[in-house]
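# Structural features, examined
Given next are the chains, with one letter for each unit.
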Amino acid sequence: MRLVGIHHTYASGTAALRGVDLDVDAGVPTVVRGGNGAGKSTLLRIAAGAETPTAGTVEDRPAVVGYLPDRFPARLRLPPRRWLDHMARVRRLDPDVVADRADGLLEELGYTGDDDEPMSELSKGNTQKIGLVQALACEPGLLVLDEPWSGLDDDAADALTALLASRTGAVLITDHTGTAHGLPGARVHRLRQGRLATAADPESVPLPTAPPPGAMMRIDMACAGDPRPLLERVLPPARVEGAAPGRFTVRVPAPDSDAWLAAALAAGCAVRSVRPVRPGQDSNRLPMPPGPGRSEEVPR
Ligand SMILES: Nc1ncnc2c1ncn2[C@@H]1O[C@H](COP(=O)(O)OP(=O)(O)OP(=O)(O)O)[C@@H](O)[C@H]1O
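In the nomenclature of an unreviewed UniProt entry, the protein corresponds to ABC transporter from the organism Pseudonocardia ammonioxydans.

Structure (structure tokens):
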């Protein structure tokens, strides 16, 4: 998908976007960062088709778009699963198929909300999980997520990172947490006062996409069975922080992490999480704690 010459001025006269060109390619997570009021949510609404730009065009938008907005309407009275069912029907999707996918996703994200509560009474994190499931369960060709990690606990945040890392469709994300930087191959753009940073725009300050010298990534993977033969003979060298049947964690230099992940995916592994190693944080994960990875099957 391509956004070409996008301008957007609200009825109030606020010029939120002032000529944005952006390619959102399948398989390349596209991340937009920027300060408050920079125009990120406006850009995502336009990309998702929820708002029409005052000028410019959106080309080749995939037919099915999953969209997590920056905020939910305040007074949603439907309980979560009924709301998901309602959204599936509005989108003319098979509600039973969507419900099955939603059940799996809710479990992966560790949803703990009450099924009978109205949406408006859920906690922030559980509301966010329902919003994510609504966006993901329609099997979108384009996923547009406005601050998807906001409000999630650590396990849910890791589960979401793994879900996004394994997607092959187009993904457009705003993210102030910095987590999206860890997605394999992520392309990060900075929006400032409605303009995207480009080399041709001296007013803009592009975010460095290259990691700082010495930066390391911690990669948690799922695999079938014992990971040691993989680690010893198949995968590129990496510092192993933990290994257990069905699961292992390695630390690799950030510049090598994309190539390392590509090799691991090609070897049949699945990504559980990818996170920058915080300065001063050393390995404390040996041995790997027992978990779902005890199974001989690749955990989903
Ligand atoms: N519905 C609206 N009507 C009028 N102005 C709006 C509307 N929505 C956003 N704006 C204005 O457009 C500009 C861009 O807002 P937007 O929400 O897109 O920025 P943002 O980068 O997502 O900000 P934040 O990080 O604070 O969420 C801001 O000046 C905002 O006040």
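The structure having been displayed, the exposition proceeds.
### Points about the packing of helix α2 (residues 80-90) against helix α3 (residues 95-108)
When two helices pack together, their arrangement is given by the angle between the helix axes and the distance between those axes. At a minimum axis distance of 9 Å, the contact between α2 and α3 shows a crossing angle of 135 degrees. In terms of axis orientation, α2 runs oblique to α3. Handedness of the α2/α3 crossing: right-handed. Every residue of α3 that contacts α2 at Arg81, Leu84, Asp85, Ala88 and Arg89 is listed here: Pro95, Val98, Ala102, Asp103 and Leu106. A per-class count over the contact of α2 with α3 returns six nonpolar, no polar and four charged.

### Observations concerning the nonpolar core
Counting residues in hydrophobic clusters, the biggest one holds 55 residues, and the most contacted among them are Trp149, Ile219, Met221, Phe248 and Trp260. Tallying contributions element by element places helix α5 (residues 154-165) first for this core, with seven residues. Taken domain by domain, this core gets at least three of its residues from each of domain 1 (2-196) and domain 2 (216-294). Counting 22 residues, the second largest nonpolar core, distinct from the first, contains Leu17, Val65, Leu172 and Leu191.

### Let's talk about the packing of aromatic side chains
All told, the structure shown has one aromatic pair when counted by the stated rule. Relative to Trp260, the ring of Phe248 lies with its centre 6.3 Å away and its plane at 70 degrees, an arrangement referred to as edge-to-face. In this pair, Phe248 is assigned in strand β12 (residues 247-253) and Trp260 in helix α7 (residues 257-266), connecting sequence segments 12 residues apart. Take Phe248: its relative accessible area is 0%, and that puts it in the buried class.

### Points about empty space enclosed by the protein
Summed over all chains, the structure comprises two cavities of 30 Å³ or more. Of the voids in this model, the largest cavity is the one considered here, and its volume is about 60 Å³. If you trace the largest cavity, you find it lined by Leu84, Met87, Ala88, Arg91, Leu93, Val98, Val133, Gln134, Ala137 and Cys138. Residue assignment for the lining of the largest cavity shows that the elements contributing at least two residues are α2 and α4 (124-136). Sorting elements by how many residues they give to the lining of the largest cavity places α2 first, with three residues.

Analysis parameters
Residues numbered from 1 in each chain as written. Predicted model: local features only at pLDDT ≥ 70, side-chain atom pairs only at ≥ 80, totals over all residues. Heavy atoms only, no water. Axes fitted to C-alpha atoms, helices over the stretch in contact; angles between N-to-C directions. Helix = DSSP H or I, 4+ residues; strand = E, 2+ residues; numbered from the N terminus. Parallel < 35°, antiparallel > 145°, perpendicular 65-115°, else oblique. Left-handed = near helix turned anticlockwise from the far one by under 90°. Contact = heavy atoms within 4.5 Å. Nonpolar A, V, L, I, M, F, W, Y, C, P; charged D, E, K, R; others polar. Core = buried A, V, L, I, M, F, W, Y, C linked by side-chain atoms within 4.5 Å. Buried < 20%, exposed > 50% of the residue type's maximum accessible area, 1.4 Å probe, protein only. Domains from an automatic or database assignment. Phe/Tyr/Trp six-rings, centres within 6.5 Å; stacked < 30°, edge-to-face > 60°. 1 Å grid on protein atoms, 1.4 Å probe; cavity = no way out; pocket = protein on both sides within 12 Å on 5 of 7 lines; lining within 4 Å. Points joined across faces, edges and corners; volume = space filled by probe spheres on them.

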